[in-house]
Amino acid sequence: MANVMAVKALANIVKTSLGPQGLDKMMVDEIGDVTVTNDGATILKQMEVEHPAAKVLVQLSQLQDKEVGDGTTSVVILAAELLTKAYELIRNKVHPSNIISGYKKAMRESIKFIEKNLTVKTEDLGEVGLQNVAKTSMSSKLIGPEHDLFAKMCVQAVQQVKLGTGKIPIKNINITMAHGKSTLDSSFFDGYVLRMSRVSQQMPIRVDKPVIACLDFNLNKFRLAMGVQVLVNNPKNLEEIRKREMDILKERLDLIISAGVNVIVTTLAIDDCASKYMVTRGIMGLRRVDKHELRRIAKSTGATIVKTLANNDGTESFDISLAGHAEAIYEKNLGDIDYIFLESPANTKNKVCSLVLRGANEYMLDEVDRSIHDALCALKRTVESGSVVAGGGCVESSLSVYLDKFSNEKGGKDQIPIFEFAEALLVIPKQLSNNAAQDATELVAKLNCIHNLAQDNTADSKFQIYNYSGLDLKGGKIRNNLEAGVLEPAISKIKSLKFATEAAITILRIDDMIRIAPEKEEIPHRH
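Thresholds applied
- Residues numbered from 1 in each chain as written.
- Predicted model: local features only at pLDDT ≥ 70, side-chain atom pairs only at ≥ 80, totals over all residues.
- Heavy atoms only, no water.
- Core = buried A, V, L, I, M, F, W, Y, C linked by side-chain atoms within 4.5 Å.
- Buried < 20%, exposed > 50% of the residue type's maximum accessible area, 1.4 Å probe, protein only.
- Helix = DSSP H or I, 4+ residues; strand = E, 2+ residues; numbered from the N terminus.
- Patch = residues over 30% accessible without salt bridge, like charges linked within 9 Å, V, L, I, M, F, W, Y side chains within 5 Å.
- Areas by Shrake-Rupley, 256 points an atom, 1.4 Å probe, with all protein chains shown as cover.
- Salt bridge = Lys/Arg side-chain N within 4 Å of Asp/Glu carboxyl O.
- Contact = heavy atoms within 4.5 Å.
- Pairing = 2+ DSSP bridges.
- Axes fitted to C-alpha atoms, helices over the stretch in contact; angles between N-to-C directions.
- Phe/Tyr/Trp six-rings, centres within 6.5 Å; stacked < 30°, edge-to-face > 60°.

Trainee: Help me understand the nonpolar core in this model?
Mentor: Considering soluble globular proteins, one finds that nonpolar side chains tend to be buried as a cluster. Counting residues in hydrophobic clusters, the biggest one holds 53 residues, and the most contacted among them are Leu57, Leu82, Tyr103, Ile114 and Phe421. Broken down by element, this core gets its largest block of residues, 10 residues, from helix 17 (residues 490-508). Ranked by size, the runner-up nonpolar core spans 33 residues in total, among them Ile143, Val158, Phe188 and Leu365.

Below is the structure:
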């Protein structure tokens with residue numbers, strides 16, 4: 001009972017943020033930092049949850065976020081509803097083992113039904129279909145009203161980084177946030193954007209067709225290693241040592257620059273001496289670049305990260321084949337901060353791109369970033385799996401009708417748990433209607449009636465379009481959500497069902513909680 005109550009309490013917190021009309025949550029931590037979001041995974045991650053059963057739900061939402069990237073709120077609500085239904089059955093003397101068996105069977109049948117009857121291939125929908133997937137993901141977020149702009153940006157980014165194998169590495173899409181202007185001024189950039197400026201303002205602002213060296217070592221005055229002592233008898237030699245230290249740095253820079261390099265990017269320092277020398281040679285320098293950013297730049301430009309110039313024979317050299325190439329690199333001011341823009345070369349195999357997000361303040365930009373991440377993950381899953389389903393409670397209602405009939409045909413011990421599983425699925429369309437201030441009872445009844453009609457007339461093709469019927473929350477009516485463009489990745493629904501059922505089963509298996517006494521440390525006695 002305590003487990004179910006804890007899970008229900010957690011689900012009640014996030015359920016009002018489900019759907020396009022869902023509300024946001026404001027979370028304030030102990031030092032006063034504010035986060036405003038309606039992303040289920042973010043809400044649960046930042047909450048301080050102590051109950052062990054409730055922690056299972058937090059882990060569930062994080063798993064959904066990691067695997068799919070979207071649908072984190074609905075998976076928590078569904079898991080809580082499955083547990084509530086199971087608890088009612090236990091009170092009516094149904095054994096948990098029978099409930100678990102019925103839930104597993106219902107989950108398997110649901111996945112088969114989705115794959116066979118409700119999925120639509122993405123090839124049939126084209127680019128507009130992909131934009132609709134992104135719009136559906138964004139509809140419940142802060143950027144919902146501007147989803148046309150952001151959906152196009154996300155689809156463009158996903159198609160840009162798509163590999164020949166069909167995989168989409170989301171890490172190759174760099175999201176940069178810049179304060180100021182409106183969210184509508186956000187833009188797509190074919191290349192990489194770094195939040196930094198040149199080492200010296202006297203360096204060139206723009207370099208066309210740059211040859212880029214990616215370094216992972218310091219470019220500062222040479223110093224002997226720790227523990228090495230030099231005894232100087234003549235004070236004049238001290239100045240010679242200082243001069244030689246600077247000459248070693250200049251020789252290293254000469255090796256790199258004489259090979260044809262005109263842009264140097266390093267993860268460590270470039271000191272004033274090196275900076276001054278680079279200015280006289282007309283070289284652009286960038287320092288203290290994050291290692292993961294340097295790796296992406298190297299990958300897209302075809303450069304190799306150089307950790308040392310030393311050769312096996314004790315000499316130093318730099319091979320031009322280690323350098324990368326790009327269309328252009330330039331510095332540009334966004335708001336009050338300088339950014340470096342690196343345009344990708346046209347023939348690169350490892351494409352990277354950037355989304356430059358603009359917004360009024362930090363809270364706004366953080367929420368836009370989370371929304372864009374969810375949309376990109378939804379697009380990744382859609383393109384890689386190649387199938388979508390209609391949203392707006394369509395899948396849940398259709399499955400509920402199907403499992404209701406399946407439980408009547410099945411009979412036996414699993415009949416009641418399968419029927420309760422079917423009832424639990426309706427929590428999604430009900431909650432969507434409630435959050436939109438619509439009559440949930442009437443809308444869900446109509447939706448079930450239409451899906452019942454579609455499944456009773458499977459032979460008649462004119463009834464098959466009813467399989468894609470879902471809720472229109474603005475108009476408060478039922479419509480064909482496939483035609484309306486309310487689409488979700490099929491894999492998202494399948495994983496949600498799997499994860500929610502497994503989480504419910506995990507908690508159902510627990511019949512008692514035992515707190516382990518802390519170990520007592522023995523105090524050593526003196527003899």
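Now that the structure is up, let's keep going.
Trainee: Would you take a moment to explain a nonpolar patch on the surface for this structure?
Mentor: There is a patch of nonpolar side chains on the surface, built from Val228, Val230, Val232, Leu238 and Ile241 and spanning about 370 Å² of accessible area. For Val228, the position within the fold is in the loop between strand 8 (211-215) and helix 8 (235-258).

Trainee: Whenever I open this one, the side chain of Thr73 confuses me. Can you help?
Mentor: By secondary structure assignment, the location of Thr73 is in helix 4 (residues 72-91). On the basis of relative accessibility, which here comes to 9%, the residue Thr73 falls in the buried class. Excluding residues that lie within four positions of it along the chain, Thr73 makes contacts with Val14, Ser17, Leu18, Asn38, Asp39 and Gly40.

Trainee: I'm lost on the sheet that holds strand 11 (residues 324-325) in this one. Help?
Mentor: Remark on secondary structure: sheet strands pair via backbone hydrogen bonds, oriented parallel or antiparallel. Taken together, four strands build an open sheet; the order of strands is 10-9-8-11 and the sheet is mixed. Strand pairing shows two members of the sheet lacking a second neighbour, strand 10 (284-286) and strand 11, which therefore form its edges. Here strand 9 (residues 263-266) runs beside strand 10; their pairing, made up of three bridges, is parallel. Note that in strand 10 the partner of Ile264 across the bridge is Gly285. Together, strand 8, strand 9 and strand 11 form the strand contacts of helix 10 (residues 291-301), whose direction differs from that of strand 8 by roughly 145°.

Trainee: Honestly, the side chain of Thr42 in this entry has me stumped. Any pointers?
Mentor: Structurally, the position occupied by Thr42 is in helix 2 (residues 40-46). For Thr42, a relative accessible area of 10% translates into the label buried. Setting aside residues no more than four positions away along its own chain, Thr42 makes contact with Met27, Thr37 and Arg370.

Trainee: Is there a simple way to explain unusual backbone geometry in this structure?
Mentor: In the Ramachandran plot, Arg288 falls in the positive-phi region, its phi being about 50° despite a non-glycine side chain. Along the polypeptide, Arg288 turns up in the loop between strand 10 and helix 10. Residue Arg288 is classed as exposed on the basis of its relative accessible area, which comes to 54%. At Ala437, a residue that is not glycine, the phi angle is positive and equals roughly 60°. In this structure, Ala437 sits in the loop between helix 14 (427-435) and helix 15 (440-456).

Trainee: Would you take a moment to explain the packing of aromatic side chains for this structure?
Mentor: Any pair of aromatic rings gets described here by the distance separating the centres and the angle formed by the planes. Throughout the structure, instances matching the rule amount to five aromatic pairs. Aromatic pair Phe113 and Tyr402: ring centres 4.4 Å apart, planes at 15°, arrangement stacked. On the criterion of sequence distance, the pair formed by Phe113 in helix 5 (residues 96-118) and Tyr402 in helix 12 (residues 394-410) is long-range, its members being 289 residues apart. For Phe113, a relative accessible area of 8% gives the class buried. Given the relative accessible area of 22%, Tyr402 is considered partly exposed.

Trainee: So what exactly am I meant to see when it comes to the pattern of salt bridges here?
Mentor: Oppositely charged side chains may form a pair once their charged atoms are brought near each other. Throughout the structure, instances matching the rule amount to 19 salt bridges. Among the salt bridges present, the one from Lys135 reaches Asp148, with a minimum N-O distance of 3.0 Å. Here the residue Lys135 occupies a position in helix 6 (residues 126-138), and Asp148 occupies one in helix 7 (residues 147-161), the gap between them amounting to 13 residues. Looking at Asp148, the relative accessible area reads 42%, which means it is partly exposed. Here Arg370 and Glu367 are joined by a salt bridge, their closest N and O atoms 3.1 Å apart. Of this pair, Arg370 and Glu367 both sit in helix 11 (residues 362-385), three residues apart, which is roughly one turn of that helix.

None of this, on its own, says anything about what the molecule does.
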